[in-house]
Amino acid sequence: MENFNFLINGRLVAGAKTMPVVNPATEEVLVQCPRASEEQLNEAVAAAKAAFPAWAATPIEERRKLIVRMAETIEKNCADLARILTQEQGKPLADATAETMGMAGFFRYFASLDLPLRVIEDSKGRKVEAYRRPLGVIGAIIPWNFPLMILSFKLPPALLAGNTLVVKPAPTTPLASLKFAELVADILPKGVLNFIADANDLGDALTHHPDVRKISFTGSTATGKKVMASAAETLKRITLELGGNDAGVVLDDAKPKAVAKGIFEGAFQNSGQVCLAIKRLYVHESIYDEMCHELVQLAEAAVVDDGLKQGTQLGPLQNKMQYEKVKGFLDDARKNGKVVAGGEVMDRPGYFIRPTIVRDISEGSRLVDEEQFGPVLPVLKYSDTDEAIKRANNTTYGLGASVWSSNLERAHDVASRLEAGTVWINKHLDMAPHIPFGGAKNSGLGTEFAEEGLNEFTQLQVINMAR
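A. Quick peek at the pairing of strand S15 (residues 356-359). Burial along S15 is two-sided: Thr-356 and Val-358 facing one way and Ile-357 and Arg-359 facing the other are all buried. Bridge analysis of strand S14 (residues 338-341) against S15 gives three bridges, and the strand direction is antiparallel. Looking across to S15, one finds that Ala-341 is bridged to Ile-357.

B. Expanded view of the sheet that holds strand S6 (residues 126-134). Judged by pairing direction, the sheet is antiparallel, and its three strands sit side by side in the order S5-S6-S20 without closing on themselves. Pairing within the sheet leaves two strands with one partner each, and these edge strands are strand S5 (118-122) and strand S20 (458-466). Within the sheet, the average angular offset between the axes of one strand and its neighbour, ignoring direction, is 20 degrees. Sheet topology places S6 next to S20; nine bridges connect them, and they run antiparallel. Bridge assignment links Lys-127 to a residue of S20, and that residue is Met-465.

C. Geometry of the pattern of salt bridges. Counted by the stated rule, this structure contains 34 salt bridges. Taking the shortest distance from any N to any O, the salt bridge between Arg-359 and Asp-289 comes out at 2.9 Å. You can see Arg-359 sitting in strand S15 and its partner Asp-289 sitting in helix H10 (residues 288-301), a full 70 residues away along the chain. In this structure, the salt-bridge partner of Asp-386 is Arg-417, at a minimum N-O distance of 2.8 Å. Taken as a pair, Asp-386 in helix H13 (residues 385-393) and Arg-417 in the loop between helix H14 (408-416) and strand S18 (422-425) lie far apart in primary sequence, 31 residues in all. The partly exposed category is assigned to Arg-417, whose relative accessible area is 36%. Via salt bridges that share partners, Glu-2, Lys-179 and Glu-182 belong to a single interconnected network.

D. Looking closely at the pairing of strand S12 (residues 246-250). Burial runs high along S12: five of the five residues are buried. Burial along S12 is two-sided: Asp-246, Gly-248 and Val-250 facing one way and Ala-247 and Val-249 facing the other are all buried. The pairing of S12 with strand S13 (residues 278-284) spans five bridges and is parallel. Looking across to S13, one finds that Val-250 is bridged to Val-283.

Quick notes on the rules
Residues numbered from 1 in each chain as written. Predicted model: local features only at pLDDT ≥ 70, side-chain atom pairs only at ≥ 80, totals over all residues. Heavy atoms only, no water. Buried < 20%, exposed > 50% of the residue type's maximum accessible area, 1.4 Å probe, protein only. Helix = DSSP H or I, 4+ residues; strand = E, 2+ residues; numbered from the N terminus. Pairing = 2+ DSSP bridges. Axes fitted to C-alpha atoms, helices over the stretch in contact; angles between N-to-C directions. Salt bridge = Lys/Arg side-chain N within 4 Å of Asp/Glu carboxyl O.

Have a look at this one:
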């Protein structure tokens, strides 16, 4: 592969050290990626701080045009970005291509928004105006499951609002992000956008940094709590999109054959490495056997292979640590439930696990109570709808959920009682840039996407004038 560099203060620079990036489909080293020192992190923050006043003063129309140019650049280089993404992340090339184009779509969407002056009152005695001002330097921390897509949740709204950025991708998937940075390096004024990469050793330095005014983090709940604690010292703004243990609830009037494909895709997209994936499926006892049968058929038919091979539906787990973690969930599944599809690692190089369906399992097992973040779905039986809702809500997480039914009114009633930031009906993982997204309980703080997500990168300023 080509060489990769950081983007710091408008220049492409080598890292202080290097670190290997592994192809999860082969377990072979793709490339030695640059690894930043704390000094380089500080350089990136200093560059972003120095660039902030001029960027904040740049008219929003000009910022908007530059974000659109970035979207055009992504689209022109989609094939290269997608191929790098597949090699470092593992997902099928078709999915990597869709992610890359989706990234461009988010850039274009945020470029279409505005931050208008809002007049709260205009009376004889006073005039009150509300403005949305930029915050300053934003630290964006990106996970390894959707490196480009999640970058697009943070970067374009932050830039449109007039902030500058320091971006830190995950150490196992830094390459597509660094390639993107190289492609757009000449579009923005120097210092406005900076990219570094680390070996999971600079997160604390970034979140503690006194010149960083906000951290936008996507990742595990455990790490999110550390980010929140670290940011508290300087009262940084934070947006946290964290883990989930999403429940799918299949009502007794659902048709298993009709809903099985949607449920399977909602659980196993990206080999289950989706914060919002279905992690637990509650099925009414009257259709339980039929539902399990339909899911088994889909699991057994799924094509699991190297993402670069045509026809691959599911790739490997992204990294060895997650692979070993999911293997532990398989052990738990065999101990506490009945594995009816998959259940074994594949005898080949790479971090491959076939999609696994586990029935006759209940709460109290790790697979049900924790977030597996892999291709293993527990299917639980229930007899009463109120019972299913209570069990679905009995978790510290609250990211997403879904209800599956032939009766939309009934499904809507159940959906309104589920404790989650997003609840779908007869679908799962339907997301779009204009639909707000955020978690309840331990699944996060703040909102991404839409105007609400843009506002999270601003400070509300009220000007109250006497007349």
